[in-house]
Amino acid sequence: MKQQTLITLSALFFSSAVLANGDFEPSKKVCVNVGKEITRVSTEMDAAKSGIQKTWLKRQLRALKQKNNTCSVKGFENSSAELAKI
């Protein structure tokens, strides 16, 4: 059981690091999708029961918010009207 937990944590840590550090080139469509992912992850985090899952989702949400900030800096704001279009 401990080995399985360690493997799961390692995989989750690696995947969230890739999300945070990957090459991110903002565009209108990409930024709208980031907004949708933030909504999805937030909803999933509210429903999560496992501490490991909540930790992973918090890291994922943090990475998505960094991407969202990059979108804002580059002039691609997420509005609910844009989210509805795509």
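One structure accompanies this document, and this report is about it. Remember, predicted model here, so these are calculated numbers, not experimental data.

### Some details on the overall build of the protein chain
Step number 1: Across its full length, the protein chain carries four helices and zero strands.
Step number 2: Start at the N end of the protein chain and walk to the C end: the helices and strands fall as α-α-α-α.
Step number 3: Across the 86 residues that make up the protein chain, the buried fraction comes to 22%.
Step number 4: Residue pairs at least 24 apart in sequence account for 69% of intrachain contacts in the protein chain once pairs closer than 6 positions are excluded.
Step number 5: With an accessible surface of roughly 6100 Å², the protein chain has 58% of that area assigned to carbon and sulfur atoms.

### Description of helix α3 (residues 51–73)
Step number 1: With 23 residues, α3 should cover 33 Å at 1.5 Å per step; its first-to-last C-alpha distance of 33 Å lies within 8% of that length.
Step number 2: If you check which residues of α3 are buried, you get Leu57, Gln60, Leu61, Ala63, Leu64, Lys67 and Cys71.
Step number 3: One side-chain oxygen of the residue at the start of α3 lies 3.2 Å from the amide nitrogen of Ile52, identifying that residue as Ser50.
Step number 4: A positive phi of about 95° marks Gly75, the residue just after α3.

### Observations regarding the environment of Val41
Step number 1: Mapped onto the elements of the fold, Val41 is located in helix α2 (residues 28–47).
Step number 2: Along the sequence, Val41 and Leu61 sit 20 residues apart, while their C-alpha atoms lie 6.5 Å from each other.
Step number 3: Aside from chain neighbours lying at most four places away, what touches Val41 is Leu57, Gln60, Leu61 and Leu64.

### Considerations on the nonpolar core
Step number 1: Residues Val34, Ile38, Val41, Met45, Ala48, Leu57, Leu61 and Leu64 constitute the largest nonpolar core, which totals eight residues.
Step number 2: The set of elements that each furnish at least two residues to this core consists of α2 and α3.
Step number 3: Here this core takes four residues from α2, the largest share from any one element.
Step number 4: Residues within four places of Met45 in sequence aside, it is in contact with Lys54, Leu57, Lys58 and Leu61.

### Some words on the packing of α2 against α3
Step number 1: The geometry of α2 relative to α3 is characterised by a closest axis approach of 9 Å and an angle of 155° between their N-to-C directions. With respect to each other, α2 and α3 are oriented roughly antiparallel. Between α2 and α3 lies a crossing of left-handed hand. For the pair α2 and α3, contact is made by Cys31, Val34, Glu37, Ile38, Arg40, Val41, Ser42, Glu44 and Met45 and by Gln53, Lys54, Leu57, Lys58, Gln60, Leu61, Leu64, Lys65, Lys67, Asn68 and Cys71, respectively.
Step number 2: Class assignment of the residues belonging to the contact of α2 with α3 gives a composition of nine nonpolar, four polar and seven charged.

The rules behind each value
- Residues numbered from 1 in each chain as written.
- Predicted model: local features only at pLDDT ≥ 70, side-chain atom pairs only at ≥ 80, totals over all residues.
- Heavy atoms only, no water.
- Helix = DSSP H or I, 4+ residues; strand = E, 2+ residues; numbered from the N terminus.
- Buried < 20%, exposed > 50% of the residue type's maximum accessible area, 1.4 Å probe, protein only.
- Contact = heavy atoms within 4.5 Å.
- Areas by Shrake-Rupley, 256 points an atom, 1.4 Å probe, with all protein chains shown as cover.
- Expected span 1.5 Å × (residues − 1).
- Polar contact = N/O pair within 3.5 Å; in protein donor to acceptor, adjacent residues only side chain to side chain.
- Core = buried A, V, L, I, M, F, W, Y, C linked by side-chain atoms within 4.5 Å.
- Axes fitted to C-alpha atoms, helices over the stretch in contact; angles between N-to-C directions.
- Parallel < 35°, antiparallel > 145°, perpendicular 65-115°, else oblique.
- Left-handed = near helix turned anticlockwise from the far one by under 90°.
- Nonpolar A, V, L, I, M, F, W, Y, C, P; charged D, E, K, R; others polar.

Purely geometric numbers; function is a separate question.
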